[in-house]
Amino acid sequence: MGSKRILIFIWACVSLISVVKSLSHEPELVVFQTSYGDIEFGFYPTVAPKTVDHIFKLVRLGGYNTNHIFRVDKGFVAQVADVASGRSAPMNEEQRKEAEKTVVGEFSDVKHVRGILSMGRYEDPNSAQSSFSMLLGDAPHLDRQYAVFGKVTKGDETLRKLEEVPTRREGIFVMPTERITILSTYYYDTKMESCEEERSVLKRRLDASFVEVERQRMKCFP
């Protein structure tokens with residue numbers, strides 16, 4: 001009986017070390033520019049590698065540009081809509097192909113606390129696509145039920161602004177009465193983009209690309 005307890009203790013320690021290592025890993029950072037301000041995300045590639053790869057690929061493809069935050073439940077979650085149905089601009093073939101993929105449920109011991117990024121899904125645990133939530137409070141009932149893949153690293157003031165928007169209830173969802181648009185997204189590697197001036201140049205360049213996206217959208221939807 002004593003040896004069994006020792007084995008359980010060792011297993012728990014190894015699990016904890018694995019989680020700590022994954023949280024200390026500093027991967028590429030992603031920024032969502034919304035109509036209420038910027039939100040910066042850091043990913044956990046060792047916690048949810050398939051999820052991180054999928055979401056980051058969508059960001060690189062510009063998949064979240066012109067999408068929106070369709071749900072704002074104060075103290076609970078602000079949820080990004082699925083790319084396939086939430087964008088106001090049309091998608092190209094590569095964006096649509098990636099957006100319609102489903103990701104296996106990568107459930108971990110990482111807790112759902114304020115700032116955590118958690119994948120949305122249907123009843124099927126392997127049905128996650130591109131919708132995800134930014135936790136606005138602690139939600140332990142979501143632990144091990146939804147895949148945690150990152151956290152908000154900057155932009156808590158934007159989350160607080162979102163919590164103040166007027167909302168309406170629609171079934172189980174609390175939704176904003178106005179569209180909260182994700183104007184554009186960009187990313188940078190923390191190792192490559194260590195200089196603030198370089199980050200500023202990159203941000204301006206990607207801001208210009210958003211202008212082009214909007215120009216194309218207006219041509220498609222005059």
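This write-up is about the structure you can find in this document.

Rules of the game
- Residues numbered from 1 in each chain as written.
- Predicted model: local features only at pLDDT ≥ 70, side-chain atom pairs only at ≥ 80, totals over all residues.
- Heavy atoms only, no water.
- Pairing = 2+ DSSP bridges.
- Helix = DSSP H or I, 4+ residues; strand = E, 2+ residues; numbered from the N terminus.
- Axes fitted to C-alpha atoms, helices over the stretch in contact; angles between N-to-C directions.
- Core = buried A, V, L, I, M, F, W, Y, C linked by side-chain atoms within 4.5 Å.
- Buried < 20%, exposed > 50% of the residue type's maximum accessible area, 1.4 Å probe, protein only.
- Contact = heavy atoms within 4.5 Å.
- Expected span 1.5 Å × (residues − 1).

Right, let's get into the sheet that holds strand 2 (residues 37-43). Remark on secondary structure: sheet strands pair via backbone hydrogen bonds, oriented parallel or antiparallel. Taking strand neighbours around the barrel as the criterion, the 8 strands line up as 1-2-7-5-6-4-3-10 in a closed arrangement whose pairing is antiparallel. When the angles between neighbouring strand axes are averaged without regard to direction, this sheet yields 35°. Relative to strand 4 (residues 77-80), strand 3 (residues 68-73) is paired through 4 bridges, and the arrangement is antiparallel. By the bridge assignment for strand 4, Val72 is matched with Ala78.

Let us look at the nonpolar core. Within the largest apolar cluster, 34 residues are counted, with the highest numbers of intra-cluster contacts made by Phe41, Phe43, Tyr64, Ile69, Phe132, Met134 and Phe149. Tallying contributions element by element places helix 2 (residues 49-60) first for this core, with 5 residues. Once residues within four sequence positions are removed from consideration, Met134 is found in contact with Ile39, Phe41, Ile69, Phe76, Val77, Ala78, Val80, Ile116, Leu117, Val152 and Leu159. Counting 9 residues, the second largest nonpolar core, distinct from the first, contains Tyr44, Val110, Ile116 and Leu142.

Let us now look at helix 2. A rise of 1.5 Å per residue sets the reference length of helix 2, with its 12 residues, at 16 Å; its end C-alpha atoms lie 16 Å apart and thus fit the reference within 8%. If you check which residues of helix 2 are buried, you get Thr51, Val52, His54, Ile55, Phe56, Leu58 and Val59. At the exit of helix 2 stands Gly62, carrying a positive phi of roughly 75°.

Keep in mind that these numbers describe shape and distance, not what the molecule does.
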